[in-house]
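Residue-level listing of the chains:
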Amino acid sequence: MPRRSRRAVLGSLGGLAAGAAALSLGAPALLAQAPPRVAVVGGGFAGAACAREMKRRDPSLSVMLVEPNARYTACPFSNAVVAGLRELSAQEFGYEGLEKAGITLVRQAALAVEAEARRVRLADGTALGYDRLVLAPGVDMRFDAIPGYDEDAAEAMPHAWKAGAQTLLLRRQLEAMEDGGVVVLSAPANPFRCPPGPYERASLIAHYLKTRKPRSKLILLDAKDAFSKQRLFEAAWAELYPGMIEWVSLSFGGRVTEADPSTRTLVTEFGSHKAQVVNLIPPQRAGRIAEAAGVADRTGWCPIDPVTFESTLVPGVHVIGDAAIAGAMPKSAFAAHAQAKACAGAVLALLGGRPLAEPRLINTCYSLVAPDYGISIAGVYRPSGGLLADIEGAGGTSPRDAPPAFRAREAAYAEAWFRTITGDVFG
Amino acid sequence: MTGGPTPLRLALALLGLFPAAAMAADLPSSDPPPGASACSGCHAPAASDGGMAPLDGRPAEDIVASMRGFRSGTLEATVMDRIAKGFTDEETRAIADWYAARGGRDAAAKP
Ligand SMILES: Cc1cc2nc3c(=O)[nH]c(=O)nc-3n(C[C@H](O)[C@H](O)[C@H](O)COP(=O)(O)OP(=O)(O)OC[C@H]3O[C@@H](n4cnc5c(N)ncnc54)[C@H](O)[C@@H]3O)c2cc1C
């Protein structure tokens, strides 16, 4: 650790503008010099939380948040919107809280990063200088991965894997379907955003079908042979939705090889499935600015140092949230928020020339199997061997045999978590 | 430039170099020890209906004792047993001290 941090500190001072150097000279110099500037690209759970935390911990810092959308639409609980249990407005958050906290909102998309010059190029042609940059662009759907499935096809066969118009489109299609119709949901191979998400969605769609269209069924085509919280989900499906959900694993032909939006048909290695509603969740990659900035590797995701979240490919640029390769941590809003706070501490330490602390991170993904039936998977993580690794003996899933009251408590805690985290980030 | 509302920071605020709004909306706090900020994903600074209990301003001894209870299984939990097992007694102590010192945001707001 000491060697590393010294190197990191020297590196950061070497490449930095006067502001950070002034900081290390002590407070009097600060009065005369401009404060260090940190730019954050992406105002989701990761980026907004990181901007907020940096400003909270050092109000003298100049923090700029680059985000083109006026409002953020959160994905957690958007499966409840799909199933008609919640309105989309409950998912929407503004950036007023961040502005009030002294963060400068830059309502633009970032197009490129000039890492040598320490500048972000924006959509309107201007550039934003920084001393350190945090990239948190989330994911992009890979519209080149499944023949026939491009952006236009998503209008007929929604992915609904970014909350907003796609979420409502899928909900309307379910509402328009007649009783007895077939819904096909396709889940991608790992890694992808929110590993338990497709199974939570299958559960809540089954809940909708059971209450509104009981002769219908759902086929879940999976490009994997195993999935997150599988035993808990399968036990709950057998108990709550007997015969309604058919899970087709990779080995049994679950991988989709082609899509035909005009007939709403998915072709797999073993045959084809025509359905009234097709929810195709395609493979993903880090949001495209990651590639433009040179921080994504050949997998499409961004390798990082597990202590600082600094890109291992481009110095001075940190990557957090879904876009990052975070070892054992899944791509979740919870993880994005935890990484944001750890990264904020590291950026402040690097700018201030202080030693780096080895972080501990937590993740917990709650899933609703029914409105009053919650299950969770948790993990605690530490840097190890250049990655974030599970701390042995901690974490795991909810117990397999638990009374309904326990499941109901976890469903209530899931909602409480969402209120807490969105309050912390956007409140 | 970390730490709580240090004399320097307060002086700067009086000089108008820190926007007053920023001071009010988001109080600066000392560097959290490893793991502490991850608790804030679930534990908000203030109590809410049906939510997880706030940790800010809680006696450190309480937090340490609860974490031990969650780890050993003497306290009932839906999720804290799985989380508490990821922290040593020493790490837990540092986290507990930090939360205890936060003492509620209103108290900290008064210089
Ligand atoms: C259906 C569903 C259910 C989920 N449920 C849960 C759950 O229960 N719990 C949980 O923890 N997680 C859940 N997730 C996962 C969670 O939504 C993501 O992990 C989380 O949003 C990741 O945060 P992020 O900040 O990395 O990315 P995002 O939330 O996607 O934010 C990225 C932001 O960056 C902006 N951006 C992108 N490119 C640029 C650019 N070039 N310039 C400027 N801005 C840019 C975007 O506009 C966006 O606002 C779920 C996801 C889905 C799809």
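Please refer to the structure higher up on the page.
Note that the coordinates shown come from a computational prediction; the quantities given were computed from them, not determined experimentally.

A. The arrangement of the sheet that holds strand S12 (residues 217-222) of chain A in detail. Residues and elements named next belong to chain A. Sheet architecture is open: four strands sit in the order S13-S12-S11-S17, paired in parallel fashion. Each edge of the open sheet carries a strand with a single partner, namely strand S13 (245-248) and strand S17 (277-280). Sheet twist, expressed as the mean angle between neighbouring strand axes with direction ignored, is 15°. Across four bridges, the pairing between S12 and S13 is parallel.

B. Quick look at the side chain of A:Lys55. Residues and elements named next belong to chain A. The topology assignment puts Lys55 in helix H4 (residues 45-57). As a buried residue without a salt bridge, Lys55 has its nearest oppositely charged side chain in Asp58, at a separation of 7.3 Å. Beyond its immediate stretch of four places on either side in the chain, Lys55 contacts Leu61, Val63, Ala101, Gly102 and Ile103.

C. Layout of the pattern of salt bridges. Applying the stated criterion to the full structure yields 33 salt bridges over all chains. Between A:Arg57 and B:Asp31 there is a salt bridge whose closest N-O contact spans 3.2 Å. Taken as a pair, A:Arg57 in helix H4 and B:Asp31 in the loop between helix H2 (20-25) and helix H3 (36-39) lie in two separate chains rather than in one. Since its relative accessible area comes to 6%, A:Arg57 is described here as buried.

D. Examining the state of the cysteines more closely. For the structure on display, the rule yields zero disulfides over all chains. Unpaired in terms of disulfides, A:Cys302 finds its nearest cysteine sulfur in A:Cys343, a separation of 13 Å. Classification of A:Cys302 by relative accessible area gives buried; the value is 1%. Lacking any disulfide linkage, B:Cys39 is separated from the closest cysteine sulfur, that of B:Cys42, by 8.9 Å.

E. The environment of A:Arg400, seen in detail. Residue and element names in this part refer to chain A. With respect to the helices and strands, Arg400 occurs in the loop between strand S25 (396-397) and helix H13 (404-426). Put simply, Arg400 and Lys229 are 171 residues apart on the chain and 9.8 Å apart in space, counted from C-alpha to C-alpha. Beyond its immediate chain neighbours, meaning those up to four positions away, Arg400 contacts Arg231, Leu232 and Arg407.

F. Expanded view of the site of the ligand. Residues and elements named next belong to chain A. Near the ligand lie 35 residues; those nearest to it are Glu67, Tyr72, Ala110, Arg193 and Asp322. With respect to the ligand, the backbone of Ala136 contributes an N or O atom lying 3.5 Å from an oxygen atom. Ser332 places a main-chain nitrogen or oxygen 3.4 Å from an oxygen atom of the ligand. For the ligand, the protein covers 91% of the area, taking 1000 Å² as the surface of the free molecule.

G. Layout of the packing of H4(A) against H13(A). Residue and element names in this part refer to chain A. Following both chains from N to C, one finds H4 and H13 inclined at 55°, their axes separated by 8 Å at the closest point. Between H4 and H13, the interaxial angle falls into the category oblique. Of the residues in H13, those touching H4 at Phe45, Ala48, Ala49, Arg52 and Arg56 are Phe418, Ile421, Thr422, Asp424, Val425 and Phe426. Taken together, the residues of the contact of H4 with H13 sort by class into seven nonpolar, one polar and three charged.

The rules behind these values
Residues numbered from 1 in each chain as written. Chains lettered and ligands numbered in written order. Predicted model: local features only at pLDDT ≥ 70, side-chain atom pairs only at ≥ 80, totals over all residues. Heavy atoms only, no water. Pairing = 2+ DSSP bridges. Helix = DSSP H or I, 4+ residues; strand = E, 2+ residues; numbered from the N terminus. Axes fitted to C-alpha atoms, helices over the stretch in contact; angles between N-to-C directions. Buried < 20%, exposed > 50% of the residue type's maximum accessible area, 1.4 Å probe, protein only. Lys, Arg positive; Asp, Glu negative; His and termini not counted. Salt bridge = Lys/Arg side-chain N within 4 Å of Asp/Glu carboxyl O. Contact = heavy atoms within 4.5 Å. Disulfide = S-S within 2.5 Å. Near = heavy atom within 4 Å. Polar contact = N/O pair within 3.5 Å; in protein donor to acceptor, adjacent residues only side chain to side chain. Areas by Shrake-Rupley, 256 points an atom, 1.4 Å probe, with all protein chains shown as cover. Parallel < 35°, antiparallel > 145°, perpendicular 65-115°, else oblique. Nonpolar A, V, L, I, M, F, W, Y, C, P; charged D, E, K, R; others polar.

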